[in-house]
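Spelled out, the chains give:
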Amino acid sequence: MEIKSAKFVRGIVNMDPILKDGLPQVAFIGRSNVGKSSVINSLVGSKTLVKIGKVPGKTTEINYFLINNKFYFVDLPGYGYAQGGKVQIEKIRNMIVLYLRETGTKPTLVILIIDIKAGLMEFDKNSLAVLREEGINYLVVANKSDKLNQKEASEQLKKIRRDANEDDIVLYSSTEKPRSKLILDKILL
Ligand SMILES: Nc1nc2c(ncn2[C@@H]2O[C@H](COP(=O)(O)OP(=O)(O)O)[C@@H](O)[C@H]2O)c(=O)[nH]1
Ligand SMILES: [Mg+2]
(Lines give C-alpha, C1' and ligand atoms only; values in the text may rest on other atoms or scores of the structure.)
(Ligands and ions follow the chains in the order given, each with its own letter.)
Protein backbone atom coordinates (compact mmCIF):
# COMPACT_ATOMS: atom_id res chain seq x y z
CA MET A 1 0.00 0.00 0.00
CA GLU A 2 1.35 3.38 -0.98
CA ILE A 3 -0.14 6.61 0.31
CA LYS A 4 -0.54 9.31 -2.30
CA SER A 5 -2.91 11.70 -0.57
CA ALA A 6 -4.32 12.30 2.88
CA LYS A 7 -6.77 14.90 4.04
CA PHE A 8 -8.74 15.56 7.19
CA VAL A 9 -12.47 15.10 6.66
CA ARG A 10 -14.04 15.74 10.07
CA GLY A 11 -14.27 14.74 13.68
CA ILE A 12 -17.41 13.13 14.93
CA VAL A 13 -18.74 12.75 18.46
CA ASN A 14 -21.79 10.65 17.85
CA MET A 15 -23.61 8.69 15.19
CA ASP A 16 -22.75 10.16 11.79
CA PRO A 17 -23.33 9.03 8.22
CA ILE A 18 -19.56 8.79 7.63
CA LEU A 19 -19.48 5.75 9.94
CA LYS A 20 -21.21 3.73 7.29
CA ASP A 21 -20.71 5.57 4.01
CA GLY A 22 -19.30 2.50 2.30
CA LEU A 23 -15.61 3.45 2.16
CA PRO A 24 -13.23 1.02 3.91
CA GLN A 25 -11.88 2.14 7.28
CA VAL A 26 -8.54 1.48 8.94
CA ALA A 27 -8.88 2.48 12.59
CA PHE A 28 -6.18 3.33 15.13
CA ILE A 29 -6.70 2.78 18.82
CA GLY A 30 -4.45 3.01 21.85
CA ARG A 31 -3.97 4.77 25.14
CA SER A 32 -3.18 8.48 25.24
CA ASN A 33 0.44 9.33 24.51
CA VAL A 34 1.45 5.99 22.96
CA GLY A 35 2.11 7.90 19.74
CA LYS A 36 -1.07 7.22 17.82
CA SER A 37 -1.04 10.57 16.03
CA SER A 38 2.69 10.25 15.33
CA VAL A 39 2.22 6.81 13.82
CA ILE A 40 -0.54 8.05 11.51
CA ASN A 41 1.64 10.98 10.44
CA SER A 42 4.57 8.65 9.80
CA LEU A 43 2.41 6.48 7.55
CA VAL A 44 1.17 9.39 5.45
CA GLY A 45 4.59 11.07 5.43
CA SER A 46 3.35 14.25 7.08
CA LYS A 47 4.44 15.91 10.29
CA THR A 48 1.27 17.90 10.67
CA LEU A 49 -1.78 16.00 9.39
CA VAL A 50 -2.61 14.87 12.91
CA LYS A 51 -1.70 17.11 15.83
CA ILE A 52 0.99 15.61 18.07
CA GLY A 53 1.28 15.84 21.82
CA LYS A 54 -1.85 17.81 22.47
CA VAL A 55 -2.93 17.76 26.09
CA PRO A 56 -3.56 14.06 26.68
CA GLY A 57 -7.15 13.05 26.81
CA LYS A 58 -8.34 16.24 25.13
CA THR A 59 -9.12 14.60 21.82
CA THR A 60 -12.55 13.19 22.35
CA GLU A 61 -13.61 13.02 18.75
CA ILE A 62 -13.31 10.24 16.23
CA ASN A 63 -11.24 11.87 13.49
CA TYR A 64 -11.62 10.81 9.87
CA PHE A 65 -8.84 11.21 7.28
CA LEU A 66 -9.45 10.37 3.64
CA ILE A 67 -6.55 8.44 2.12
CA ASN A 68 -5.96 8.16 -1.64
CA ASN A 69 -9.60 9.27 -2.08
CA LYS A 70 -10.37 5.63 -1.41
CA PHE A 71 -10.49 4.75 2.26
CA TYR A 72 -10.31 6.30 5.72
CA PHE A 73 -7.78 6.36 8.50
CA VAL A 74 -9.87 6.68 11.64
CA ASP A 75 -8.17 8.13 14.72
CA LEU A 76 -10.12 7.06 17.79
CA PRO A 77 -9.80 8.99 21.05
CA GLY A 78 -6.89 7.98 23.25
CA TYR A 79 -7.82 6.20 26.41
CA GLY A 80 -6.26 6.29 29.82
CA TYR A 81 -5.77 9.80 31.13
CA ALA A 82 -7.93 10.78 34.04
CA GLN A 83 -7.65 14.49 33.29
CA GLY A 84 -11.32 14.83 32.56
CA GLY A 85 -12.08 12.52 35.44
CA LYS A 86 -14.17 9.41 35.47
CA VAL A 87 -16.89 10.91 33.31
CA GLN A 88 -14.43 11.67 30.51
CA ILE A 89 -12.85 8.22 30.64
CA GLU A 90 -16.26 6.64 30.52
CA LYS A 91 -17.22 8.82 27.55
CA ILE A 92 -14.13 7.79 25.58
CA ARG A 93 -14.55 4.16 26.46
CA ASN A 94 -18.14 4.33 25.25
CA MET A 95 -17.10 5.92 21.97
CA ILE A 96 -14.58 3.17 21.26
CA VAL A 97 -17.05 0.45 22.12
CA LEU A 98 -19.71 2.21 20.05
CA TYR A 99 -17.34 2.37 17.10
CA LEU A 100 -16.19 -1.24 17.37
CA ARG A 101 -19.40 -2.86 18.40
CA GLU A 102 -22.53 -0.96 17.65
CA THR A 103 -22.25 1.21 14.58
CA GLY A 104 -22.08 -1.75 12.25
CA THR A 105 -19.05 -0.11 10.68
CA LYS A 106 -16.83 -3.18 10.71
CA PRO A 107 -13.42 -1.62 9.99
CA THR A 108 -11.19 -3.46 7.51
CA LEU A 109 -8.36 -3.34 10.01
CA VAL A 110 -7.85 -1.99 13.52
CA ILE A 111 -4.32 -1.01 14.44
CA LEU A 112 -3.81 -1.23 18.19
CA ILE A 113 -0.84 0.88 19.17
CA ILE A 114 1.00 0.31 22.41
CA ASP A 115 4.12 1.82 23.97
CA ILE A 116 6.79 -0.87 23.83
CA LYS A 117 8.16 0.13 27.23
CA ALA A 118 4.78 0.09 28.96
CA GLY A 119 3.72 -3.13 27.29
CA LEU A 120 0.17 -4.39 27.16
CA MET A 121 -2.07 -2.54 29.61
CA GLU A 122 -5.58 -3.22 30.82
CA PHE A 123 -7.17 -1.08 28.11
CA ASP A 124 -5.22 -2.94 25.42
CA LYS A 125 -6.31 -6.31 26.76
CA ASN A 126 -9.93 -5.18 26.79
CA SER A 127 -9.62 -3.86 23.26
CA LEU A 128 -8.11 -7.12 22.04
CA ALA A 129 -10.97 -9.02 23.62
CA VAL A 130 -13.55 -6.84 21.86
CA LEU A 131 -11.72 -7.14 18.53
CA ARG A 132 -11.58 -10.92 18.83
CA GLU A 133 -15.21 -11.20 19.88
CA GLU A 134 -16.31 -9.05 16.97
CA GLY A 135 -14.09 -10.93 14.52
CA ILE A 136 -12.37 -7.72 13.40
CA ASN A 137 -8.93 -7.92 11.73
CA TYR A 138 -6.31 -6.27 13.88
CA LEU A 139 -2.63 -5.57 14.07
CA VAL A 140 -0.71 -4.85 17.27
CA VAL A 141 2.01 -2.23 16.85
CA ALA A 142 4.62 -1.72 19.58
CA ASN A 143 5.69 1.90 19.10
CA LYS A 144 8.66 3.92 20.44
CA SER A 145 11.10 1.07 19.87
CA ASP A 146 13.83 3.70 19.43
CA LYS A 147 13.72 4.16 23.21
CA LEU A 148 15.10 0.68 23.83
CA ASN A 149 18.25 -1.07 22.72
CA GLN A 150 17.93 -4.20 20.63
CA LYS A 151 18.12 -6.60 23.53
CA GLU A 152 15.56 -4.70 25.61
CA ALA A 153 13.26 -4.41 22.62
CA SER A 154 13.33 -8.12 21.90
CA GLU A 155 12.67 -8.92 25.56
CA GLN A 156 9.71 -6.54 25.69
CA LEU A 157 8.42 -7.93 22.43
CA LYS A 158 8.54 -11.44 23.83
CA LYS A 159 6.54 -10.33 26.87
CA ILE A 160 3.99 -8.50 24.72
CA ARG A 161 3.56 -11.57 22.51
CA ARG A 162 2.87 -13.66 25.56
CA ASP A 163 0.50 -11.15 27.20
CA ALA A 164 -1.41 -10.59 23.97
CA ASN A 165 -1.35 -14.25 22.99
CA GLU A 166 -0.32 -13.02 19.57
CA ASP A 167 2.80 -13.80 17.52
CA ASP A 168 2.59 -11.07 14.95
CA ILE A 169 3.55 -7.85 16.73
CA VAL A 170 5.06 -5.03 14.66
CA LEU A 171 8.11 -3.39 16.22
CA TYR A 172 7.73 0.27 15.34
CA SER A 173 9.11 3.74 15.75
CA SER A 174 7.33 6.68 14.22
CA THR A 175 10.68 8.44 14.01
CA GLU A 176 12.17 5.81 11.67
CA LYS A 177 10.62 6.33 8.28
CA PRO A 178 11.50 2.99 6.61
CA ARG A 179 9.46 1.18 9.24
CA SER A 180 6.20 2.58 7.86
CA LYS A 181 6.30 -0.18 5.25
CA LEU A 182 5.83 -2.75 8.04
CA ILE A 183 2.35 -1.33 8.67
CA LEU A 184 1.43 -0.19 5.17
CA ASP A 185 2.08 -3.67 3.78
CA LYS A 186 -0.57 -5.04 6.13
CA ILE A 187 -3.23 -2.69 4.81
CA LEU A 188 -4.69 -4.73 2.02
CA LEU A 189 -7.09 -2.54 0.10
N1 LIG B 1 10.83 8.42 21.06
C2 LIG B 1 9.66 8.37 20.44
N3 LIG B 1 8.69 9.26 20.75
C4 LIG B 1 7.50 9.17 20.11
C5 LIG B 1 7.25 8.18 19.12
N6 LIG B 1 5.97 8.34 18.67
C7 LIG B 1 5.47 9.39 19.37
N8 LIG B 1 6.38 9.90 20.23
C9 LIG B 1 6.19 11.04 21.17
O10 LIG B 1 5.19 10.70 22.14
C11 LIG B 1 4.37 11.83 22.47
C12 LIG B 1 2.89 11.52 22.19
O13 LIG B 1 2.72 11.38 20.80
P14 LIG B 1 1.27 11.49 20.11
O15 LIG B 1 1.46 11.07 18.70
O16 LIG B 1 0.67 12.84 20.36
O17 LIG B 1 0.48 10.39 20.95
P18 LIG B 1 -1.10 10.05 20.99
O19 LIG B 1 -1.62 10.73 22.22
O20 LIG B 1 -1.15 8.57 21.14
O21 LIG B 1 -1.71 10.53 19.72
C22 LIG B 1 4.91 12.99 21.63
O23 LIG B 1 5.78 13.73 22.43
C24 LIG B 1 5.64 12.29 20.49
O25 LIG B 1 6.68 13.08 19.95
C26 LIG B 1 8.32 7.24 18.79
O27 LIG B 1 8.19 6.34 17.96
N28 LIG B 1 9.47 7.39 19.48
MG1 LIG C 1 -3.29 11.84 19.34
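Notes on the structure follow. (Residues numbered from 1 in each chain as written. Chains lettered and ligands numbered in written order. Predicted model: local features only at pLDDT ≥ 70, side-chain atom pairs only at ≥ 80, totals over all residues. Heavy atoms only, no water.)

**Some thoughts on the overall build of the chain**
Thought 1: For the chain, the count of helices and strands is five helices and seven strands.
Thought 2: Traced from its N-terminal end to its C-terminal end, the chain shows the element sequence β-β-α-β-β-α-β-α-β-α-β-α.
Thought 3: Considered along the principal axes of its C-alpha atoms, the chain spans approximately 45 × 40 × 35 Å.
Thought 4: The contacts in the chain between residues at least 6 apart in sequence include a share of 74% that link residues at least 24 apart.
Thought 5: When the accessible surface of the chain is split by element, carbon and sulfur atoms take 50% of a total near 9700 Å².
Thought 6: Positive and negative side-chain charges of the chain, numbering 30 and 21 respectively, have mean locations separated by a distance of 3 Å. (Helix = DSSP H or I, 4+ residues; strand = E, 2+ residues; numbered from the N terminus. Contact = heavy atoms within 4.5 Å. Areas by Shrake-Rupley, 256 points an atom, 1.4 Å probe, with all protein chains shown as cover. Lys, Arg positive; Asp, Glu negative; His and termini not counted. Charge placed at Lys NZ, Arg CZ, Asp CG, Glu CD.)

**Some points on the side chain of Ser 37**
Thought 1: Topologically, Ser 37 is positioned in helix α1 (residues 36–44).
Thought 2: Look past the residues within four positions of Ser 37 in its chain and what remains in contact with it is Val 50, Lys 51, Ile 52 and Asp 75.

**Quick notes on unusual backbone geometry**
Thought 1: Even without a glycine there, the phi angle at Asn 69 is positive, about 55 degrees.
Thought 2: As for its placement among the helices and strands, Asn 69 is situated in the loop between β3 (62–67) and β4 (71–75).
Thought 3: For Asn 69, a relative accessible area of 54% corresponds to the exposed category.
Thought 4: Phi is positive for Lys 106, which is not a glycine, with a value near 50 degrees.
Thought 5: Within the secondary structure layout, Lys 106 lies in the loop between α2 (85–102) and β5 (109–115).
Thought 6: Lys 106 gets classed as exposed once you look at its relative accessible area, which sits at 52%. (Buried < 20%, exposed > 50% of the residue type's maximum accessible area, 1.4 Å probe, protein only.)

**Some details on the sheet that holds strand β2 (residues 25–29)**
Within a sheet, neighbouring strands are paired by backbone hydrogen bonds and run either parallel or antiparallel to one another.
Thought 1: An order of β1-β3-β4-β2-β5-β6-β7 is seen for the seven strands of this open sheet, with the pairing classed as mixed. Two strands close off the open sheet at either side, each with one partner strand: β1 (6–12) and β7 (169–171). Mean inter-strand twist for the sheet, computed between neighbouring axes without regard to direction, equals 25 degrees.
Thought 2: Judged from the four bridges that link them, β2 and β5 form a sheet pairing that is parallel. Looking at the pairing, Ala 27 lines up with Val 110 of β5.
Thought 3: Those strands touched by α1 are β1, β2, β3, β4, β5 and β6 (138–143), and its axis lies near 155 degrees from that of β4. (Pairing = 2+ DSSP bridges. Axes fitted to C-alpha atoms, helices over the stretch in contact; angles between N-to-C directions.)

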